Amino acid sequence: MMVGKEWAAIRIQTAFRGLLARRGLRALRALVRLQAIVRGRQVRKQAAVTLRCMQALVRVQARVMAQSVNISSEQNIPDHLQILPDSIKKAEEGWRERRGTVEQVRTKLQMRQEGDIERERAISYSIFHRV
């Protein structure tokens, strides 16, 4: 008879230990799930904050670059790009050697200098907008 009671006690203890293990596992799974949710929210929140900060930096950087481009375009044209009376005189004096009238030579000279100005602006713009 003792053997039957011991066997029954062992079966009950085994079932109870199994029940406790299943409860512990379920609680652990729930805790891990909760941690994942919280960490996911924290990561998303941190990513959103970082993105907002980066957008603010990009806006400030674009504003500064735009101001510097405006300042450089509003400044006087560099000396080497200005239409100088000497260069016009030289063009007028040597216009016979070139094809076209004096006005055509002046127009060509002015177009070249405007091209130089535009090229310099494009270079400064590309320098300011490098990533």
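Residues numbered from 1 in each chain as written. Predicted model: local features only at pLDDT ≥ 70, side-chain atom pairs only at ≥ 80, totals over all residues. Heavy atoms only, no water.

**Student:** Could you clarify how one ought to interpret the overall build of the protein in this entry?
**Tutor:** Assigned secondary structure in the protein consists of 3 helices and 0 strands. Secondary structure elements of the protein, listed N to C terminal, follow the sequence α-α-α. Buried positions account for 8% of the 131 residues belonging to the protein. Within the protein, contacts between residues separated by at least 24 positions form 60% of all contacts whose residues are at least 6 apart in sequence. (Helix = DSSP H or I, 4+ residues; strand = E, 2+ residues; numbered from the N terminus. Buried < 20%, exposed > 50% of the residue type's maximum accessible area, 1.4 Å probe, protein only. Contact = heavy atoms within 4.5 Å.)

**Student:** Just to check I follow, could you spell out the environment of A66 for this structure?
**Tutor:** With respect to the helices, strands and loops of the structure, A66 is situated in helix α1 (residues 2–74). Taking the C-alpha atoms as reference, A66 lies 9.4 Å from H129; in sequence the two are 63 residues apart.

**Student:** Which parts of the structure should I look at to understand the pattern of salt bridges?
**Tutor:** Side-chain pairs of opposite charge can arise whenever the charged atoms involved come near each other. For the structure on display, the rule yields 2 salt bridges. Note that D116 is salt-bridged to R119, the shortest N-O span being 2.7 Å. Within this pair, D116 and its partner R119 are both found in helix α3 (residues 102–128), separated by 3 residues, close to a single helical turn. One salt bridge connects R121 with E118, and the closest N-O pair in it is separated by 3.3 Å. Of this pair, R121 and E118 both sit in helix α3, 3 residues apart, which is roughly one turn of the helix. Classification of E118 by relative accessible area gives partly exposed; the value is 46%. (Salt bridge = Lys/Arg side-chain N within 4 Å of Asp/Glu carboxyl O.)

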